[in-house]
Amino acid sequence: MTTTTSPRGRRRAPTRMERAAGRAAALQRPRVILALLLLLALTSVMLLDGYLRAEVGGDERVRTGAGSGDVPDDVLEGGPILSFPGGEAQNGSAPDRTIVLTFDDGPDPTWTPQVLKVLEEHDVPGTFFLVGSMVSRYPGIVRNLVDQGNEVGIHTFTHVDLSYQSDARITREIEQTQLALAGAAGITTTLFRAPYSSETDAIDNYSWPVYQKLGEQGYTSVFVDTDSDDWKRPGVSKIIKWATPEDGEGAVVLFHDAGGDRAQTVKALGTYIERMKAKGYTFTTVSGAQQAADGRAAGTSAASGTDGADTADTADGTDDAGTGQADGERADTGAPAGAPPGGRDGQGGGAGSAGSALQAAHREATGTTLYEGKALVAAVAVAEWTVPGLATGLGVVGVAVLARFGMMLVLARRHHRKRNKRRFSWGPPVTRPVSVIVPAYNEKECIANTLGSLARSTHPIEIIVVDDGSTDGTAEIAESLGLPNVRVVRQENAGKPAALNNGVRHAGHDIVVMMDGDTVFEPDTVRHLVQPFADPEVGAVAGNAKVGNRRTVIGAWQHIEYVMGFNLDRRMYDLLRCMPTIPGAIGAFRREAVLEAGGMSEDTLAEDTDITIALHRAGWRVVYQEHARAWTEAPGSLKQLWSQRYRWSYGTMQALWKHRGSLTDKGPSGRFGRVGMPLVVLFQIVTPVFAPLIDVFTVYAMVFVDFRASLLAWLAVLAVQLVCAAYAFRLDRERYRHLLMMPLQQLAYRQMMYLVLIHSCVTALTGGRLRWQKLKRTGEVGTPAGAN
């Protein structure tokens, strides 16, 4: 905000307009920042969702056939449980007639609960190697899984083959999964199984360093003895056959509870457990098997020493000699003294130090790990609701946009055919003189071209130039031209609505044409524009505004928008009798209608939309005259374009809110309120907000879903828009070459319009007010021929 110093040196207090401008400027930056933060938040949510739903970085081994010369023979020939106590590799195995059921790739909302139900029905534990991204998406399943007494291990966060990843990626995959487990169940784990791993003899020179690195950090890597190959869906009988160990040997058996249709796995699992129990097998977890093996190696009993509970081996039905509890019966192992039965706070195996031996790999998550984990799960929950919700909303918007295109094409064609029939007439020709009002504020670059074009008018006119406190000599230039029928009215700077109202008061005729100070009319423009007033029901006429400076990229983008978005829309609204806006660049009014509506209001920044709706509410008809063309200078920079569209968007919202009472009115006012207003809200506010997200979702789908299908879908939408634009260009007799800019317009221009509209919505929601924003003019729109 500035103050002015008088010649005597005294500081003049700022005017009301200057104070308002200062407040508006002070509020602008926070709202822009808030709009950008909203966009950043949405982008972050989508990236998180995409990261969770896709295996970024590759979902398969990128190299195969590697040698194993660096891997010790004892490891290659050893058991499936690989740990590194004291830094030395040590293999372990499940005891004889003991089965460790392991399940990979979960949790899955469909199949994991069914697997848990089978395990619970047969009183059997399992060890689940979980994918971190799935854990964060379905934390409730993980809590139930742990509470039921099962053990969990890490299967990376995105199910990526770690053999060919950097150390940073390996660390990130492990840490993120631990955070997900902490947020879901309040635990971490020391068990790990690599995606695409199998038996120990498959360890190669690329994967061995990964196991060593994780072993040094205290992780136990778990492989398999027997693979059910259930992912192939070979049938229940083959799954059972392939999962059965030979000759009573103990085995770590691999099943899958996610990654596809697991109906055969669920059906086979119950039968498999029953058959193994019948053969004298017991079931335990990886930790249970480790403790049983350690107990045997020490030549001691497997009892834990509290309340007669059995060890991990006998927990499932037998002691070392195969006696004790009945085959297949599972008993809870004891907990350390002072700990609640079943684990921390009475929950199944919350931590290894305070839980059952079956969950000895679990550690209680505390401190930063716990809170970061909960934050991760909460963020994923937001993404899980937001992205599908947006997808649904975009589907609705997509249907609405396509319906709009279809409606525009049909109604625009009807409008064109109706108005261009040889016998069509508004009534007796309107030949009486009209008043042309030109509000001007610092228009020295354009005013001469504007008045020169009006001087060539084929219809009798008087020209009233209302100089709104210009400081660049605009009024003097207008007077110096010496053009006939031109009057210059000076006023202090009060804004465009006040200048227009002043012009209406000075008008000497019953029809007034309003235009901008940077606009150029064709010789026949006024004649075409006033003909609809032969119909006494018509209170106002919207002309056909054209972009004159279309040679630049920004100008070409706006040219496409004007022809397709504005003029095609106006044809549709004309037939529906709910025209929302008469463009400020070219519009004609009955003087009595303007005065009846209270003149041009200063209540909103979109005085053209405001007066148009007011005329509808007063019972007047508003029509579109396509042959009345005006050439206007569109903003020449992104900054000016943002400023203009920001004002338009915000002003439109203000006008709609001001006239919300039309929703319950009757007659023409009610028609606009129940037909025009919903269309404007849907297609000028809601759809523009969501339409650019189609591009964002296309990028999202290309990266995380299906590149080819997503690209084809985007190109199909672009093709529909090109068809509509081409038809609009045909109706306006425009050259098609500018349509070459349309793909780039969809990628760049539409995103900017999205940000502008978000900015406007934020301003509206925070109750802000904007000042009139003057655009910098160049005067390059000289004559219509030159513009063409």
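In this text, all values refer to a predicted model and were calculated from it rather than measured experimentally.

(A) Molecular detail of the overall build of the protein. A count of helices and strands for the protein gives 23 helices and 22 strands. Counted over contacts in the protein with a minimum sequence separation of 6, partners at least 24 positions apart contribute 78%. Carbon together with sulfur atoms contributes 54% to the accessible area of the protein, which is approximately 33,700 Å² in total.

(B) Representation of the packing of helix α3 (residues 111-121) against helix α9 (residues 263-278) in the model. At a closest axis distance of 10 Å, the pairing of α3 and α9 adopts a crossing angle of 10°. As judged from the angle between their axes, α3 and α9 are roughly parallel. Along the contact surface, α3 presents W111, Q114, V115, V118 and L119, while α9 presents A263, V266, L269, G270 and I273. Broken down by class, the residue content of the contact of α3 with α9 amounts to 8 nonpolar, 2 polar and no charged.

(C) Structural context of the pairing of strand β6 (residues 127-130). Of the two faces of β6, the one lined by T127 and F129 and the one lined by F128 and L130 are each fully buried. Here strand β5 (residues 98-106) pairs with β6 via 4 bridges, running parallel. Note on β6: the bridge partner recorded for F103 is F128. Taken together, β5, α3 and β6 form a β-α-β motif whose crossover is right-handed. Looking at chain direction, β6 and strand β7 (residues 151-154) are connected through 4 bridges and run parallel. If you follow F128 over to β7, its bridge partner there is V152.

(D) Looking closely at the nonpolar core. Judged by nonpolar contacts, the single largest core of 71 residues is most densely connected at M514, M564, Y573, F589, L615 and F697. Looking at this core, the element that brings in the most residues is helix α11 (residues 367-419), giving 11 residues. Aside from chain neighbours lying at most four places away, what touches F697 is M46, V387, L390, A391 and L394. Judged by nonpolar contacts, the second largest core, of 59 residues, contains F103, V124, I154 and I174.

(E) Region of interest: the pattern of salt bridges. Counted by the stated rule, this structure contains 25 salt bridges. The shortest N-O distance in the salt bridge between E384 and R137 comes to 3.3 Å. Here E384 is found in helix α11, whereas its partner R137 is found in helix α4 (residues 132-137), with 247 residues between them in sequence. A single burial state applies to E384 and to R137, both of which are buried.

(F) Here's a closer look at helix α7 (residues 208-216). Of the positions making up α7, those classed as buried are W208, V210, Y211, L214 and G215. Seen from one end, α7 has its buried residues packed into an arc of 160°, which puts them on one side. Residues of α7 that are buried in the fold lie against α2 (73-76), β3 (81-83), α6 (167-185), β9 (191-192) and β10 (220-222). Looking one or two places after α7, you find G218, whose phi comes out positive at around 100°.

(G) Fine view of the sheet that holds strand β18 (residues 511-515). Taken together, the 8 strands give an open sheet; going across it, the order is β17-β16-β15-β18-β21-β20-β22-β19, and neighbouring strands pair in mixed fashion. Since the sheet does not close on itself, it has two edges, and those belong to β17 (486-491) and β19 (520-521), each with one partner. With 2 bridges joining them, β19 and strand β22 (residues 621-632) adopt antiparallel strand pairing. Each residue of the ladder has a partner; that of V520, found in β22, is W631.

(H) Structural view of a nonpolar patch on the surface. A surface patch of nonpolar side chains, about 280 Å² in accessible area, is lined by I33, L37 and L40. Relative to the assigned elements, L40 resides in helix α1 (residues 16-53).

(I) A look at the confidence of the model for the protein. Here the protein averages 83 in pLDDT, while 82% of its residues score no lower than 70. Within the model, pLDDT remains below 50 along residues 300-355, and this stretch shows 130 contacts once partners closer than five positions in the same chain are excluded.

(J) Summary view of empty space enclosed by the protein. A complete count under the given rule lists 2 cavities of 30 Å³ or more for this structure. Within this model, the largest cavity holds a volume of roughly 80 Å³. As for the largest cavity, its lining consists of 13 residues, of which M514, P583, G584, M600 and D608 are closest to the centre. Secondary-structure elements contributing two or more residues to the lining of the largest cavity are α14 (496-506), β18, β21 (586-590) and α18 (607-617). Ranked by residues supplied to the lining of the largest cavity, first place goes to α18 with 3 residues. Here the second largest cavity defines a volume of roughly 30 Å³. Lining the second largest cavity, in full, are D695, W714, V717, L718, Q721, Q746 and R750. Within the residue set of the lining of the second largest cavity, elements represented by two or more residues are α21 (707-731) and α22 (742-765). Examining the composition of the lining of the second largest cavity, we find that 4 residues originate from one element, α21, more than from any other. Partitioning the lining of the second largest cavity into residue classes produces 3 nonpolar, 2 polar and 2 charged.

(K) Representation of unusual backbone geometry. For the peptide bond that leads from G106 to P107, omega is 0°, which places it in the cis range. Structurally, P107 can be placed in the loop between β5 and α3. Look at D105: it is not a glycine, yet its phi comes out positive at around 80°. Secondary-structure assignment places D105 in strand β5. Judged by relative accessible area, which is 15%, D105 ranks as buried. Here N485, not a glycine, exhibits a phi torsion of approximately 60°, which is positive.

(L) Region of interest: the packing of aromatic side chains. One pass over the structure, following the stated rule, counts 8 aromatic pairs. Centroid distance F255 to Y272: 5.6 Å. Interplanar angle 65°. Geometry classified as edge-to-face. Pair noted here: F255 is in strand β12 (residues 251-256) and Y272 is in helix α9, with a separation of 17 residues, a long-range link. The exposure class of Y272 is buried, given its relative accessible area of 1%. In textbook terms, an aromatic cluster arises when at least three aromatic residues are bridged by ring pairs, as seen for F103, F128, F255 and Y272. A cation over an aromatic ring shows up here: R97 above the ring of Y281, its NZ or CZ 5.6 Å from the ring centre. A cation sits over an aromatic face here: R660 above W657, 4.1 Å from the ring centre.

(M) Local environment of a positive patch on the surface. A cluster of like positive charges, contributed by R413, R414, R417, K418, K421, R423, R577, R671 and R730, occupies part of the molecular surface. A per-element tally of the positive patch places α11 first, with 4 residues. Relative to the helices and strands, R577 is located in the loop between α16 (553-576) and β21.

(N) Structural view of the side chain of N501. Within the secondary structure, N501 sits in helix α14. Ignoring any residue separated from it by four or fewer positions in sequence, one finds N501 in contact with G599 and M600.

(O) Up close: α16. In a regular helix each residue adds 1.5 Å, so 24 residues correspond to 34 Å; α16 covers 34 Å between its end C-alpha atoms and thus fits that length. Approximately 30° is the largest bend angle found in α16, and it occurs at Y562. Among the 24 residues that make up α16, 20 are buried, leaving the element largely enclosed by the rest of the structure. Of the residues flanking the end of α16, it is R577, one or two places downstream, whose phi is positive at about 60°.

Cut-offs applied
- Residues numbered from 1 in each chain as written.
- Predicted model: local features only at pLDDT ≥ 70, side-chain atom pairs only at ≥ 80, totals over all residues.
- Heavy atoms only, no water.
- Helix = DSSP H or I, 4+ residues; strand = E, 2+ residues; numbered from the N terminus.
- Contact = heavy atoms within 4.5 Å.
- Areas by Shrake-Rupley, 256 points an atom, 1.4 Å probe, with all protein chains shown as cover.
- Axes fitted to C-alpha atoms, helices over the stretch in contact; angles between N-to-C directions.
- Parallel < 35°, antiparallel > 145°, perpendicular 65-115°, else oblique.
- Nonpolar A, V, L, I, M, F, W, Y, C, P; charged D, E, K, R; others polar.
- Buried < 20%, exposed > 50% of the residue type's maximum accessible area, 1.4 Å probe, protein only.
- Pairing = 2+ DSSP bridges.
- Right-handed = clockwise from strand over helix to strand, strands pointing away.
- Core = buried A, V, L, I, M, F, W, Y, C linked by side-chain atoms within 4.5 Å.
- Salt bridge = Lys/Arg side-chain N within 4 Å of Asp/Glu carboxyl O.
- Arc of directions from axis to C-beta.
- Patch = residues over 30% accessible without salt bridge, like charges linked within 9 Å, V, L, I, M, F, W, Y side chains within 5 Å.
- pLDDT = per-residue confidence, 0-100.
- 1 Å grid on protein atoms, 1.4 Å probe; cavity = no way out; pocket = protein on both sides within 12 Å on 5 of 7 lines; lining within 4 Å.
- Points joined across faces, edges and corners; volume = space filled by probe spheres on them.
- Phe/Tyr/Trp six-rings, centres within 6.5 Å; stacked < 30°, edge-to-face > 60°.
- Lys NZ or Arg CZ within 6 Å of the ring centre and 35° of its normal.
- Lys, Arg positive; Asp, Glu negative; His and termini not counted.
- Charge placed at Lys NZ, Arg CZ, Asp CG, Glu CD.
- Expected span 1.5 Å × (residues − 1).
- Bend = angle between axes of the 7 residues up to and from the residue.

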